[in-house]
Amino acid sequence: MKKGYFGSFGGQFVPELLMPPLLELEEALESIVQTPAFQDELMGYLQEYVGRPSPITHCRNLSAQLGLDLWLKREDLNHTGAHKVNNTIGQALLTKRMGKTTLLAETGAGMHGVATATAAALLGLNCVVYMGAVDVERQNVNVRRMELLGAEVVAVQSGTRTLKDAINEALRRWIADQADTHYCFGTAAGPHPFPLLVRDFQAVISHEARKQFLEKNGVLPDVVSACVGGGSNAIGMFHHFVPDESVQLVGVEAAGTGEPGCYNSAPLNLGTDGVLHGMKTKLLQTGEGQILPSHSVSAGLDYPGVGPEHAMYHASGRVRYGTCDDAQALKAFQTLSRTEGIIPALESSHAVGWVMEHAGELQGQSVLVCLSGRGDKDMGIVEEYL
Ligand SMILES: *Cc1c(COP(=O)(O)O)cnc(C)c1O
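Note that the structure is predicted; figures quoted are calculated from it, not measured.

1. Things to note about the UniProt feature "modified residue: N6-(pyridoxal phosphate)lysine" (unreviewed entry) in the protein chain
For step 1, the next point in the chain: Sequence positions flagged by UniProt for "modified residue: N6-(pyridoxal phosphate)lysine" (unreviewed entry) are, in local numbering, Lys84.
For step 2, the next point in the chain: Following the sequence through the fold, Lys84 ends up in helix 4 (residues 84-97).
For step 3, the next point in the chain: When near neighbours in sequence (up to four residues on either side) are disregarded, Lys84 contacts Met111, His112, Ala115 and Gln202.

Listed below in structure tokens is the structure:
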């Protein structure tokens with residue numbers, strides 16, 4: 001495979017001035033991240049700070065209702081309540097090892113910003129978070145959390161003043177401050193080597209889940225499923241199952257309201273090939289290549305692109321990519337809460353919702369879903385919708 005590519009997707013479509021820090025990062029991936037000393041230190045933090053390994057939970061009540069065997073990988077139980085911290089602690093540790101002092105990040109709803117600010121506080125790094133001005137308004141609690149954790153939040157006024165503009169501005173800031181700053185990208189997307197770097201930090205999810213499922217059941221699951229925004233929890237959940245041909249992998253994109261032609265967050269199902277944020281991938285865009293606004297009830301899935309490794313698995317057919325719309329996700333949010341006493345993040349509710357919608361097809365099968373985060377943060381939005 002060509003360096004930095006997943007099939008025909010990926011690459012480094014960036015201004016010349018961004019190449020030095022990307023090359024430095026590529027080098028660090030080999031000389032630092034892949035050493036036993038780094039991996040040992042990271043594992044120490046994942047165990048005593050994040051609370052890993054996260055368990056897998058057998059959903060006995062919902063399984064009986066659906067006629068299948070449903071298991072959850074509990075990333076909602078991590079410190080800060082989602083999988084994102086696996087990545088930010090890894091990148092923060094790498095930043096220290098590279099001799100840099102500042103973590104720069106983009107954030108949409110604010111969850112990656114909070115996870116980055118958390119890792120920065122833990123490891124004594126400065127933290128600057130770029131956030132669209134619209135998101136600063138509507139996600140004010142997360143802005144205050146980031147500031148409490150010691151981060152500086154920069155409100156981005158360009159474009160639609162949301163996540164994609166925050167990424168553009170953060171990349172610009174990185175050009176200026178590359179000597180002492182590491183860009184802590186929040187998902188398995190962007191220019192090479194970010195899709196690899198983030199995938200490797202999130203692969204701990206499937207490393208644990210595969211072993212845990214085998215220990216409890218003696219066999220592998222029939223289906224492994226996860227929601228796909230930029231694609232980091234899903235690629236982490238899939239990674240160690242990819243060679244297991246018997247395991248059907250299912251990524252679930254957000255279909256928006258589900259009406260024909262509606263704004264959505266399903267570039268693999270509904271997008272076309274293009275270039276955004278330094279990578280070639282599937283995008284929601286017009287025929288002229290203008291990026292379309294995306295929509296999902298869950299802020300974390302609201303992104304017009306997707307990581308290039310998913311675009312490759314979509315093209316090769318190794319992973320099946322389905323969709324779940326807002327109403328189906330809200331139904332799953334309520335159902336999992338009622339039947340199992342677990343309030344899922346609206347993002348994760350899309351994966352659970354897909355399973356509920358496809359229960360007929362999945363009768364008698366074992367299904368392991370990545371519960372990427374907990375839903376406390378979504379109470380306001382859910383109450384608005386219901
Ligand atoms: C951010 C987020 C997602 C979406 O991001 P991916 O990179 O696709 O994983 C999913 N679930 C939760 C809980 C999130 O916070």
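There is more to say after this.
2. Details of helix 8 (residues 163-177)
For step 1, the next point in the chain: If you check helix 8, its first and last C-alpha atoms are 21 Å apart, about what 15 residues at 1.5 Å a residue would give, namely 21 Å.
For step 2, the next point in the chain: Restricting attention to buried positions, one finds in helix 8 the residues Leu163, Asp165, Ala166, Ile167, Ala170, Leu171 and Trp174.

3. Quick word on the pairing of strand 4 (residues 69-74)
For step 1, the next point in the chain: Counting buried positions along strand 4 yields five of six residues, so the element is predominantly enclosed.
For step 2, the next point in the chain: Judged from the three bridges that link them, strand 3 (residues 56-58) and strand 4 form a sheet pairing that is antiparallel. Bridged to Thr57 within strand 4 is Leu72.
For step 3, the next point in the chain: Of the strand pairs in this sheet, strand 4 and strand 14 (residues 366-371) are connected by six bridges, and their pairing is parallel. By the bridge assignment, Trp71 is partnered in strand 14 with Leu368.

4. A word on the site of the ligand
For step 1, the next point in the chain: Contacts to the ligand come from 15 residues, most closely from Lys84, Thr187, Gly231, Ser232 and Ser372.
For step 2, the next point in the chain: Between Thr187 and the ligand, the recorded distance is 2.6 Å, taken from a side-chain N or O atom to an oxygen atom.
For step 3, the next point in the chain: One of the backbone N or O atoms of Gly231 is found 2.8 Å from an oxygen atom in the ligand.
For step 4, the next point in the chain: Within the complex, 97% of the 380 Å² of free accessible area of the ligand lies under protein.
For step 5, the next point in the chain: Broken down by class, the residue content of the shell around the ligand amounts to three nonpolar, ten polar and two charged.

5. Structural notes on the pattern of salt bridges
For step 1, the next point in the chain: Scanning the entire structure with this criterion turns up 19 salt bridges.
For step 2, the next point in the chain: With a shortest N-O distance of 2.7 Å, Glu208 and Lys73 are connected by a salt bridge. One end of the pair, Glu208, is in helix 10 (residues 204-217); the other, Lys73, is in strand 4, and 135 residues separate them in sequence.
For step 3, the next point in the chain: A relative accessible area of 10% places Glu208 in the buried class.
For step 4, the next point in the chain: Where Arg199 meets Asp200, a salt bridge forms, and the shortest distance between an N and an O atom there is 3.0 Å.
For step 5, the next point in the chain: Residue classification places Arg199 among the buried residues on the basis of a relative accessible area of 10%.
For step 6, the next point in the chain: Residues joined in a network through salt bridges with shared partners are Arg52, Lys73, Glu75 and Glu208.

6. A word on the pairing of strand 14
For step 1, the next point in the chain: Here strand 14 lies mainly inside the structure; six of its six residues are buried.
For step 2, the next point in the chain: What you see with strand 14 is no split at all: Ser366, Leu368 and Cys370 on one side and Val367, Val369 and Leu371 on the other are buried throughout.
For step 3, the next point in the chain: Here strand 9 (residues 223-227) pairs with strand 14 via three bridges, running parallel. If you follow Val223 over to strand 14, its bridge partner there is Val367.

7. Considering helix 7 (residues 140-148)
For step 1, the next point in the chain: Residues Asn142, Val143 and Met146 constitute the buried set of helix 7. Looking down the long axis of helix 7, one finds its buried residues gathered within 105 degrees of arc, a one-sided arrangement. Exposed and oriented more than 90 degrees from the buried face of helix 7 are Val141, Arg144 and Leu148.
For step 2, the next point in the chain: In this structure, the buried side of helix 7 is in contact with strand 5 (102-107), helix 5 (111-123), strand 6 (126-132), helix 6 (133-138) and strand 7 (152-156).
For step 3, the next point in the chain: Following helix 7 by one or two positions, Gly150 has its phi on the positive side, about 100 degrees.

8. Some points on the state of the cysteines
For step 1, the next point in the chain: The tally for this structure, following the rule as stated, stands at zero disulfides.
For step 2, the next point in the chain: Between Cys324, a cysteine without a disulfide, and Cys227, which holds the nearest cysteine sulfur, the sulfur-to-sulfur distance is 9.9 Å.
For step 3, the next point in the chain: Since its relative accessible area comes to 0%, Cys324 is described here as buried.
For step 4, the next point in the chain: In this model Cys370 remains outside any disulfide bridge; the closest cysteine sulfur is found in Cys227, 7.1 Å from its own.
For step 5, the next point in the chain: A relative accessible area of 0% places Cys370 in the buried class.

9. Digging into unusual backbone geometry
For step 1, the next point in the chain: Geometrically, the link from Arg52 to Pro53 is a cis peptide bond, its omega value of -5 degrees lying close to zero.
For step 2, the next point in the chain: Along the chain, the position of Pro53 falls in the loop between helix 2 (36-50) and strand 3.
For step 3, the next point in the chain: For Arg161, which is not a glycine, the phi torsion comes out positive at approximately 55 degrees.
For step 4, the next point in the chain: Summarising the element assignment, Arg161 is placed in the loop between strand 7 and helix 8.
For step 5, the next point in the chain: For Arg161, a relative accessible area of 35% puts it in the partly exposed group.
For step 6, the next point in the chain: We note that His277 has phi near 50 degrees; this positive angle belongs to a residue other than glycine.
For step 7, the next point in the chain: Here His277 is to be found in the loop between strand 11 (272-276) and strand 12 (279-283).

10. Overview of the domain arrangement of the protein chain
For step 1, the next point in the chain: Considered domain by domain, the protein chain is made up of domain 1 (15-46 + 84-199) and domain 2 (53-81 + 203-385).
For step 2, the next point in the chain: For domain 1 versus domain 2, the distance between C-alpha centres works out to 23 Å.
For step 3, the next point in the chain: Contact with domain 1, which involves 20 residues of that partner, is made by 24 residues of domain 2.
For step 4, the next point in the chain: Roughly 1900 Å² is buried in total at the junction of domain 1 and domain 2, and carbon and sulfur atoms are behind 66% of that figure.
For step 5, the next point in the chain: Taken as a group, Asn86, Lys164 and Arg199 account for 30% of the area that domain 1 buries against domain 2, more than any other trio of residues on that side.
For step 6, the next point in the chain: Residue Glu309 pairs with Arg199 through a salt bridge whose shortest N-O separation is 3.1 Å.
For step 7, the next point in the chain: Taken together, the connections running from domain 1 to domain 2 amount to six residue pairs in polar contact (both at pLDDT 80 or more).
For step 8, the next point in the chain: Elements with a contribution of two residues or more to the side of domain 1 that touches domain 2: helix 4, helix 5, helix 8 and helix 9 (194-202).
For step 9, the next point in the chain: Broken down by element, the residue count for the side of domain 1 that touches domain 2 peaks at four residues, all from helix 8.
For step 10, the next point in the chain: A breakdown of the residues in the side of domain 1 that touches domain 2 according to their chemical character gives eleven nonpolar, seven polar and two charged.

So, how was this worked out
- Going along each chain's sequence as written, the residues are numbered from 1 onward.
- Restriction of local features to residues with pLDDT of at least 70 applies here, the model being predicted, together with a cutoff of 80 or more for giving and counting side-chain atom pairs; totals for whole chains, interfaces and linings are based on all residues.
- With hydrogens and water set aside, each side-chain value is computed from the structure's full complement of heavy atoms.
- UniProt positions are given in the numbering used here, feature names are shortened, and annotations may be inferred rather than shown by experiment.
- In DSSP terms, a helix is any run of H or I states spanning at least four residues, a strand is any run of E spanning at least two, and both are numbered starting from the N terminus.
- Residue contacts are counted whenever heavy atoms from the two residues lie within 4.5 Å of one another.
- Between the first and last residue of a helix there are one fewer steps than residues, each counted as 1.5 Å, and that sum is the expected span.
- Here the term buried applies to any residue with accessible area under 20% of the maximum for its type, exposed to any over 50%, and partly exposed to those in between, with areas from a 1.4 Å probe on protein chains only.
- At least two bridges found by DSSP between two strands is the condition for calling them paired.
- One heavy atom within 4 Å of a molecule or strand is enough for the residue carrying it to be called near that molecule or strand.
- The definition of a polar contact used here is a pair of N or O atoms within 3.5 Å, where within protein one atom must be able to donate a hydrogen and the other to accept one, and adjacent residues in sequence count solely through side-chain atom pairs.
- Areas reported here follow the Shrake-Rupley algorithm with a probe of radius 1.4 Å; residue values treat only the protein chains shown as occluding.
- Under the scheme applied here, ten amino acids are nonpolar (Ala, Val, Leu, Ile, Met, Phe, Trp, Tyr, Cys and Pro), four are charged (Asp, Glu, Lys and Arg), and all others, including Gly, are polar.
- Take a side-chain nitrogen of Lys or Arg and a carboxyl oxygen of Asp or Glu: if they are within 4 Å of each other, that pair is a salt bridge.
- Taken from the helix axis, the directions to the C-beta atoms give the arc we talk about.
- Here, a disulfide means two cysteine sulfur atoms that sit within 2.5 Å of each other.
- An automatic or database domain assignment is the source of the domain bounds shown.
- The term buried area means the drop in 1.4 Å probe accessible area that two parts suffer when joined, counted for both and summed.

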